[in-house]
Amino acid sequence: MIELQGTLIFICCLLVLKLLILVVHLTLQIEEGSQNSEQILEEEGDDLEFDSNDLEIEGDDPGIDDNDLGIEDNNLELEDKNLENERHDLPEGNDLEDNCEQLFDIEYHVLENNRDDATVEDVRNGDFLGKDYPPPFVGMEFESYDDAYNYYNCYAKDLGFAIRVKSSWTKRNSKEKRGAVLCCNCEGFKTSKEVHSRRKETRTGCLAMLRLRLVESNRWRVDEVKLEHNHLFDPERAQNSKSHKKMDAGAKRKVEPTVDVEVRTIKLYRTAAVDPLGYGSTNSNEGESSQHVDRSKRLKLKKGDAQIIHNYFCQVQLTNPNFFYLMDLNDEGFLRNVFWIHYRSRAAYGYFSDVVIFDTTCLLNKYEIPLFAFVGVNQHGQSILLGCGLLVDETFETYTWLFRAWLTCMLGRPPQTIITDQCKAMQGAIAEVFPRAHHRFCLSRVAHKILDNLGMLQDYEGFQRTLNMTINDSLKVDEFEMAWEDMIQRFGIADNEWLRTCYEDRERWVPVYSKDTSFAGISTFLKDESTQFFNGYVSQQTTLKEFFDMNELVLQKKYQKEALDDFESRNSSPILRTGSFFELQLSRVYTNEIFRRFQDEVVMMSSCFGITQVHASGPLVTYVIKERQVEESSRDIKNFEVMYDKRGAEVRCICSCFNFKGYLCRHALCILNYNGVEEVPPLYILARWRKDLKRFYVPDGGSNNVDIANPVQWFDHLYRRAMQVVEEGMISQDRYMVAWQAFKESLNKVRLVAEKHL
């Protein structure tokens, strides 16, 4: 009996030893994966608390490959040959009791984790399937942590490495995840206790990582990226890693739509191929899983249109690695929306993000192609393209997806002012995505709609003149209110429902309510063609094929026009029309087109007279200046209030010309001249209009560091440097010859390097 009891005790001891060995391995890996957690906690502040359980439950991979512990088929069994080798790693003394207490906690989380692996159904796994995932960049955003993890996992799988969760942190006294660091599986090194282990060394101290943070609107943003690896990729080993196994398993499960998700996920990836069925061909029912597919929720494309889109994207990417596009799919996998943006547009936005026009002319007028465009204004007052695409409908969900996609491509930098058509769905989406932007309606569109709805009035021409005066001649809010009331009473239109709706939205389109809003030279009474980048090229009958055939030609024509205007502005001297030093000063600063507009204000100074001081409070003085309206009767005189601050030579006119047009008005110039100021203060010379500002149209990643393993960054870096040579070389003929010779010599040197490797 005593021998039997001794045998049982010995067997129990062996079992305990096996379990303790497992505990030690898991504990060491968790500690190693969490080695930077203290630094993260310090950065996050007192309101965040590191939660090590996240590494097990939500990370799905504590940094241990299955084969590293001799684990097969998820069974918690150790190979006997490892037992003796690991005995020296066991804790001694009181540490044994502490580790025994941790055993049950760790076992519980391992079992919970394995259970989740077997039951979880990640709806968005299917969103990231495919090849050619773009490298992550700072500012990239996702709807959820799972979306971000799946994206980085797919990106890693395509390259041939595996990932794990290095660390994560939660809000204090809460399980809500606030941030995480995803890293390459080769991150770190063996600990001091593992150096004698016979396990194959898989870690190389790789620094490749992705740092995520939960930001406003419960979105996950990438705020740090390291792309370079210090090891060769091993696709076969990566394929067998835990993170990729879970992804493959999730891809095989049935994807069920989520009914409680209000906004569709932005899919930040490049699609490798276009499936004519999956992208909404309306001429084929082949392969449809059911007969009740809602065609209203998919982009209406004709036969061959899907291939046209695909061919265009492939063609542009061959010559432009920074070309980017996004595709929004419905729950059945059909294409809903497409958005694309050229590298030049992303770079131009860095200079001209103050005002953006969202043009939906094609959608409103039911064109053959549901085209939209983000349009900006360049240094010459010309329209520039800041992104475009195709939309399935005009709903809040669609607009929200689009605005978030566009904002993501612009590295999270919203516009100061965005001008759109009058649309409740669009208005709600802008409030959701651009809450701090000034949202205004296109004045000309609102005015035209009012005139169209009241076209049956007997005195239509009289109403048109009155409406124009009410909108544009009101300098104060109360003036507009009284003029509007007089207008609707005079023409008997107080009960017009459409007019009442416009009046309720008056703060978004009537100029007198937007005097503190910057419009960067867009006239307050816009012509329709001013907001249409493709005006004259796209009509209601234009097909998708015709559009893509001409698209690149239109862009090149616009680019050439801008380059020619830049050259003329830098190498010509405008003819002066007055003796004003203001005119001479800005003829040397502004581009030709903007100078001509400003020059008109200088010329109109002659119509201003009768400056009277009406109020003074220390250095702040208010004047009233009279102006004779030359287009009307000579007796028609209008008063303008102008405030002047003597301390900083700041001036502000009630007409708000500077905010509307981007340069000072004649009234403000007269007050500066009256106070002995001979030059326009630098505050009122916007950089966006300067002809001496060198603009490099290549996206700025915010850093001069170049990842030598990333061809896209090679392109950015070389292009930026080459454009600097081009800009300098265009100044004179001598500089042109030097630049040309430098390019030839550089090309010969690059070719010599290539020949040495043959």
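Residues numbered from 1 in each chain as written. Predicted model: local features only at pLDDT ≥ 70, side-chain atom pairs only at ≥ 80, totals over all residues. Heavy atoms only, no water.

**Some details on a nonpolar patch on the surface**
- A contiguous nonpolar patch, built from V725, Y736, M737, W740 and F743 and spanning about 480 Å² of accessible area, is present on the exposed surface.
- Counting through the fold element by element, M737 comes out in helix α24 (residues 733-756).
- By relative accessible area, M737 is classed as partly exposed at 44%. (Patch = residues over 30% accessible without salt bridge, like charges linked within 9 Å, V, L, I, M, F, W, Y side chains within 5 Å. Areas by Shrake-Rupley, 256 points an atom, 1.4 Å probe, with all protein chains shown as cover. Salt bridge = Lys/Arg side-chain N within 4 Å of Asp/Glu carboxyl O. Helix = DSSP H or I, 4+ residues; strand = E, 2+ residues; numbered from the N terminus. Buried < 20%, exposed > 50% of the residue type's maximum accessible area, 1.4 Å probe, protein only.)

**Some details on the packing of helix α15 (residues 460-472) against helix α16 (residues 477-490)**
- In the contact formed by α15 and α16, the axes pass within 10 Å of each other and the chain directions differ by 165°. Regarding the angle of α15 to α16, the classification is roughly antiparallel. Considering the relative orientation of α15 and α16, their crossing is left-handed. Within the contact between the two elements, α15 uses F463, T466, L467 and T470 and α16 uses F480, A483, W484, M487 and R490.
- Its residues assigned to classes, the contact of α15 with α16 shows 6 nonpolar, 2 polar and 1 charged. (Axes fitted to C-alpha atoms, helices over the stretch in contact; angles between N-to-C directions. Parallel < 35°, antiparallel > 145°, perpendicular 65-115°, else oblique. Left-handed = near helix turned anticlockwise from the far one by under 90°. Contact = heavy atoms within 4.5 Å. Nonpolar A, V, L, I, M, F, W, Y, C, P; charged D, E, K, R; others polar.)

**Some remarks on the packing of aromatic side chains**
- Going through the model one piece at a time under the given rule, you end up with 43 aromatic pairs.
- Consider the rings of Y152 and Y155, whose centres lie 6.0 Å apart with planes at 20°: the pair is stacked. Of this pair, Y152 and Y155 both sit in helix α6 (residues 145-159), 3 residues apart, roughly one helical turn. Assigned by exposure class, Y152 and Y155 land together as buried.
- Each ring, one from Y312 and one from F548, has its centre 4.7 Å from the other, and the planes form 40°; the classification is tilted. Of this pair, Y312 sits in helix α9 (residues 305-319) while F548 is found in helix α18 (residues 544-571), placing the two residues 236 residues apart along the sequence.
- Here Y312 falls in the buried class, since its relative accessible area comes to 4%.
- Of the aromatic side chains, those joined through ring pairs into one cluster are Y312, F313, F323, Y325, W340, F533, F534, F547 and F548.
- Seen from the ring of Y559, R344 lies directly overhead, with NZ or CZ sitting 4.2 Å from the centre.
- When the ring centre of Y503 is taken as reference, the NZ or CZ atom of R506 above it lies at 4.1 Å. (Phe/Tyr/Trp six-rings, centres within 6.5 Å; stacked < 30°, edge-to-face > 60°. Lys NZ or Arg CZ within 6 Å of the ring centre and 35° of its normal.)

**Describing the pairing of strand β3 (residues 163-171)**
- Most of β3 sits out of view: 8 of its 9 residues are buried.
- When β3 meets strand β4 (residues 177-184), the two strands line up antiparallel, connected through 7 bridges. Looking at β4, one finds that T170 is bridged to K177. (Pairing = 2+ DSSP bridges.)

**Comments concerning unusual backbone geometry**
- Residues other than glycine seldom take positive phi values, yet K366 does so here, at roughly 55°.
- Structurally, K366 can be placed in the loop between α11 (361-364) and β10 (371-377).
- By relative accessible area, K366 is classed as exposed at 65%.
- We note that S656 has phi near 55°; this positive angle belongs to a residue other than glycine.

**Structural notes on the packing of helix α14 (residues 443-453) against α15**
- Their axes nearest at 11 Å, the elements α14 and α15 cross at an angle of 150°. Relative to α15, the element α14 is oriented roughly antiparallel. As α14 packs across α15, the resulting crossing turns out to be right-handed. On α15, the residues that touch L443, A447, I450 and L451 of α14 are Y460, F463, Q464, L467, I471 and N472.
- Each residue belonging to the contact of α14 with α15 can be placed in one class, and the counts come to 8 nonpolar, 2 polar and no charged.

Limitation: the analysis is restricted to geometry and does not speak to function.
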